[in-house]
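Single-letter residue listing:
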Amino acid sequence: MKLVELGTEDLARYPFLDETGEYIRGLDLSVEEITRAEYHEVLERAKSRVIDALKKGTIACEFYNREIEILSFPVALVLIKATKIEHIISRYALAEAKRVETFLLKEKRPIIPIMFERVLNIEPIKARDGFDRLHLEYKIPLVDFLKRAVQFHTTSWRLVNRVIEEGFVLVTTTELVRLLREEIYEMIRSRLKSSSVIKLDQRLRDTVDEIIRAAPPIPAKFGIFSGEYPPCVTKALELLETGQNVPHYGRFLMTAFLLHAGKSVDNIIDLYPGVPDFKERVTRYQVEHIAGLRGGRTAYSVPSCNTILSNNFCFRNHNCGTIKNPLQFRRRTKKNS
Amino acid sequence: MSEESLNVLKRAFREYYFQRDAIEIPTRIEEREFGYLPFGGFMTRHLKLKNKGELTALLVRESPRGVYASCSYYEDPSLPMTEKGWKSGDLAFDIDCDDLEMECKKDHDRWTCKGCLLVGRGIRPARCPSCANTKILTLNWSCKLCLDASKDEIIKLKEILLKDFGMTRGKISTFFSGNKGYHLTVENSEFDALDQRGRGELANYISGKGLDIAKLGLSKNADYNNMVSRLPVLGEPGWRGKIASFFDDYEFEGERDDGDIKSKIANYYGKLSPKKFGAIIDLAIRSRGAKIDSVVTIDIHRIFRLAGSLHEKTGLSKKRCDDLNSFDPTTDPVEIKDEPIKVRVSMSPPFTLRERTYGPYKSEEVILPLHAGVYLMGNNLAQAVNS
Ligand code: SF4
Ligand SMILES: [Zn+2]
Ligand SMILES: [Zn+2]
């Protein structure tokens, strides 16, 4: 069902929509043709999308030619997929999602609930009068809210701090956009993960190499930590890796865990991507504090799974089994072998 | 426990399980994990039962002290936890009067030092005042006040589930736990698919954990009028409305009310120290939230006492009580017969069953109806006497 007629301007802004696929199919183009001279600009734009995403974490919103903008998105996906590097995929997906967020926040309001319904398949219902003094304009079903809000770590996303009524959670328009961004991030990421790698000619392969060289050298740092960690620690590492904010509790847990796993203070500080001097000092202080080198001078122990859970940072999966502390985590395959 | 007492308990339980329809047969049996605790033995878990027949056969064969089933549904409940394949699960809530910090515990709870066998009243000390031993047994007892208080909590819980979470009455089942509290389950709802974190959010909401007063609109930096305009009013849904209604009822000493809740909240927020104001908010949370044991709601791998089965400590059944108002926890769950039995009681605070109050007892032999004897023996306070 089409909810709105979207123009090429919309497709250029929201290239992840199904219509983009239809539009491109209409042009009847193949990947090989992209390298042809007349598509030079498409390839260049795809490259800048990707390189900006990896280097700055954002993608420019300005464009002068809609067709180029639209076509550059699927080309960028092909290039990213060809790198086959997990953290490049996540970082790129996040930057694309943030770009969409920027556009949406500038939109005339009614398109936001429409887009929300298209992407999440949940219809936001207009809130009744009386909630406007709190800027709560829509409501969504409680279970749908919960499944997503657990990904966010600030107190305002905790259910206890929400206005809820008869199984619905009231939200602001800005919050709808934030939920949309998260969904789009996941959507692009999983699309990239499940798509197959396309065979590329030499010229495109050179571009892919260029992209890999442009990516911040995070993988090397994370390489020190290769091994299987419990989902909560992995989540904190993943947030750091993709340049997202790691909630206080997540940092604490991750640091305490890694120290117990034998990592040094320097190893851990290295994980924080290119922080300026001042911030590095703060980080160092905090890590050393948890290690017991400062302050009270007793090393912190790794909190129990129950404590982590009540601080909303447990991301349990079946590998956790019935463990009571992340330190008991063993990957199932290890135990079996 | 003496051989004789064990036999009496086992016989009483067996007689109960031999009745038809003693227990409620859970839905989707073959997807649940079952477990039981036999008389004289250890817990058996990870059982898979195919149908009602297998369950009743188990009960008749074992007449267990306790029998349990998971709220979760698994691909294969007989496999180890990590391989079971979790599909979904009923929501479960537990209210226990031991968590309610009741004043009456000081009167009816007891502790016994394992070293010198000294017995004391009230909350257990960290070490024995006589021999300084730290190994101390506690006896958590319950009285009418305790049971009424847990009933109040379960009523509040149900209100939140219906009003705030929008659950349907017909999907909610309420049970007396068989000892000192209540269980509540929600089956076959859209909440089934929630993972532990989603369930944790529900639990925190119900108990008011993590409520942030800044999110009510309170702020030390905001302009007064601006702040007041964002504060909760009566009749608002969610915690905002609960806080407003608490302030409406709350009487500050020597103050008169001018009727407007928003300014009442704002005034006290301005006047009181953050600590004092925080204490009032804590009171509001205690009064408007429900004190559930969050771990029970969050942990999807638990197994729960089967509805209709007997509690090993009391011999009372986990009785369905969807109509809480008319439910009497000291009468309705008494299933064991009243034929007389002679027991030797080491000690016991008073207790009531079927409108008859027993005790207190101290080192004495008494003749009691079987269900009262079982109540004491299950609590390890009495032994059957050969007659
Ligand atoms: S169960 Fe424990 S180890 Fe697993 S994610 Fe949760 S907190 Fe981490
Ligand atoms: Zn003693
Ligand atoms: Zn009591």
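Cut-offs applied
Residues numbered from 1 in each chain as written. Chains lettered and ligands numbered in written order. Predicted model: local features only at pLDDT ≥ 70, side-chain atom pairs only at ≥ 80, totals over all residues. Heavy atoms only, no water. Helix = DSSP H or I, 4+ residues; strand = E, 2+ residues; numbered from the N terminus. Contact = heavy atoms within 4.5 Å. Areas by Shrake-Rupley, 256 points an atom, 1.4 Å probe, with all protein chains shown as cover. Lys, Arg positive; Asp, Glu negative; His and termini not counted. Charge placed at Lys NZ, Arg CZ, Asp CG, Glu CD. Domains from an automatic or database assignment. Buried area = accessible area lost by both parts, 1.4 Å probe. Salt bridge = Lys/Arg side-chain N within 4 Å of Asp/Glu carboxyl O. Polar contact = N/O pair within 3.5 Å; in protein donor to acceptor, adjacent residues only side chain to side chain. Buried < 20%, exposed > 50% of the residue type's maximum accessible area, 1.4 Å probe, protein only. Pairing = 2+ DSSP bridges. Patch = residues over 30% accessible without salt bridge, like charges linked within 9 Å, V, L, I, M, F, W, Y side chains within 5 Å. Donors = N, O, S within 2.8 Å, 3.2 Å for Na, K, Ca; no water. Tetrahedral: all angles 85-135°; square planar, octahedral: opposite > 155°, others 65-115°. Near = heavy atom within 4 Å. Expected span 1.5 Å × (residues − 1). Arc of directions from axis to C-beta.

1. Brief notes about the overall build of chain B
And step 1. When helices and strands are tallied, chain B shows 11 helices and 17 strands.
And step 2. Dimensions of chain B, computed from the C-alpha atoms along their principal axes, are close to 80 × 55 × 40 Å.
And step 3. Relative to all contacts within chain B whose residues are 6 or more apart in sequence, the contacts with residues 24 or more apart total 65%.
And step 4. Here chain B displays about 17700 Å² of accessible surface, and carbon together with sulfur accounts for 49% of that area.
And step 5. Of the charged side chains in chain B, 59 are positive and 57 negative; the average position of the first set lies 4 Å away from that of the second.

2. Some points on the domain arrangement of chain A
Where interface size is given, it is often the accessible area lost as the parts come together that is meant.
Residue and element names in this part refer to chain A.
And step 1. Each assigned domain of chain A is listed here: domain 1 (8-104 + 196-214), domain 2 (111-180) and domain 3 (231-336).
And step 2. The junction of domain 1 with domain 2 conceals about 640 Å² of combined surface from both sides, 74% of it contributed by carbon and sulfur atoms.
And step 3. Among the residues domain 1 hides against domain 2, the three largest losses belong to Leu17, Glu101 and Leu104. Together they make up 66% of the total.
And step 4. Applying the counting criterion to the domain 1 and domain 2 interface returns 1 salt bridge.
And step 5. As a salt-bridge pair, Glu19 and Arg118 come within 2.7 Å of each other at their nearest N and O atoms.
And step 6. Between the two partners, domain 1 and domain 2, sit 1 residue pair in polar contact (both at pLDDT 80 or more).

3. Some points on the pairing of strand 3 (residues 66-70) of chain B
Residue and element names in this part refer to chain B.
And step 1. Counting buried positions along strand 3 gives 5 out of 5 residues, so the element sits mostly inside the fold.
And step 2. Neither face of strand 3 is open: one carries Gly66, Tyr68 and Ser70, the other Val67 and Ala69, and all of them are buried.
And step 3. Here strand 3 runs beside strand 12 (residues 303-305); their pairing, made up of 3 bridges, is antiparallel. The residue of strand 12 that forms the bridge with Ala69 is Phe304.

4. Brief notes about a negative patch on the surface
Residues and elements named next belong to chain A.
And step 1. A surface patch of like charges, here negative, comprises Glu32, Asp201, Asp206 and Asp209.
And step 2. The residue Asp209 is located in helix 10 (residues 202-214) in this model.
And step 3. A relative accessible area of 39% places Asp209 in the partly exposed class.

5. With respect to the coordination of the zinc ion (ligand 3)
All names here are of chain B.
And step 1. Here the zinc ion (ligand 3) is held by Cys104 (SG), His108 (NE2), Cys143 (SG) and Cys146 (SG), and the distances to it run 2.1 to 2.3 Å.
And step 2. One can describe the donor arrangement at the zinc ion (ligand 3) as tetrahedral, given that its 4 donor atoms subtend angles of 103 to 126 degrees at the metal.
And step 3. The sequence motif formed by the donor residues of the zinc ion (ligand 3) is C-x3-H-x34-C-x2-C. Accessibility assignment for this pair places Cys104 and His108 in one class, buried.

6. Details of the site of ligand 1
And step 1. Ligand 1 sits among Pro230(A), Pro231(A), Cys232(A), Cys305(A), Ile308(A), Cys314(A), Phe315(A), Arg316(A), Cys320(A), Ile323(A) and Pro326(A).
And step 2. For the shell around ligand 1, the secondary-structure elements that each account for two or more residues are helix 12 (231-241) and helix 16 (305-310) of chain A.

7. Some details on helix 1 (residues 3-18) of chain B
All names here are of chain B.
And step 1. Compared with an ideal rise of 1.5 Å per residue, which puts 16 residues at 22 Å, helix 1 spans 22 Å between its outermost C-alpha atoms and is within 8% of the ideal.
And step 2. Regarding helix 1, the residues found buried are Ser5, Val8, Leu9, Ala12, Phe13, Tyr16 and Tyr17. Down the axis of helix 1, the smallest arc covering the buried residues is 160 degrees, so these residues share one side. Among the exposed residues of helix 1, those oriented more than 90 degrees off its buried face are Glu3, Arg11 and Phe18.
And step 3. Looking at the buried side of helix 1, the elements it contacts are helix 2 (52-62), strand 3, strand 13 (340-348), helix 11 (370-378) and strand 17 (382-384).

8. Some thoughts on the coordination of the zinc ion (ligand 2)
All names here are of chain B.
And step 1. Looking at the metal site, the zinc ion (ligand 2) is ligated by Cys113 (SG), Cys116 (SG), Cys128 (SG) and Cys131 (SG), spaced 2.2 to 2.3 Å from it.
And step 2. Geometry at the zinc ion (ligand 2) is tetrahedral, judged from its 4 donor atoms and the angles of 101 to 114 degrees they form at the metal.
And step 3. Of note, the donors binding the zinc ion (ligand 2) are all from one chain and are spaced C-x2-C-x11-C-x2-C.

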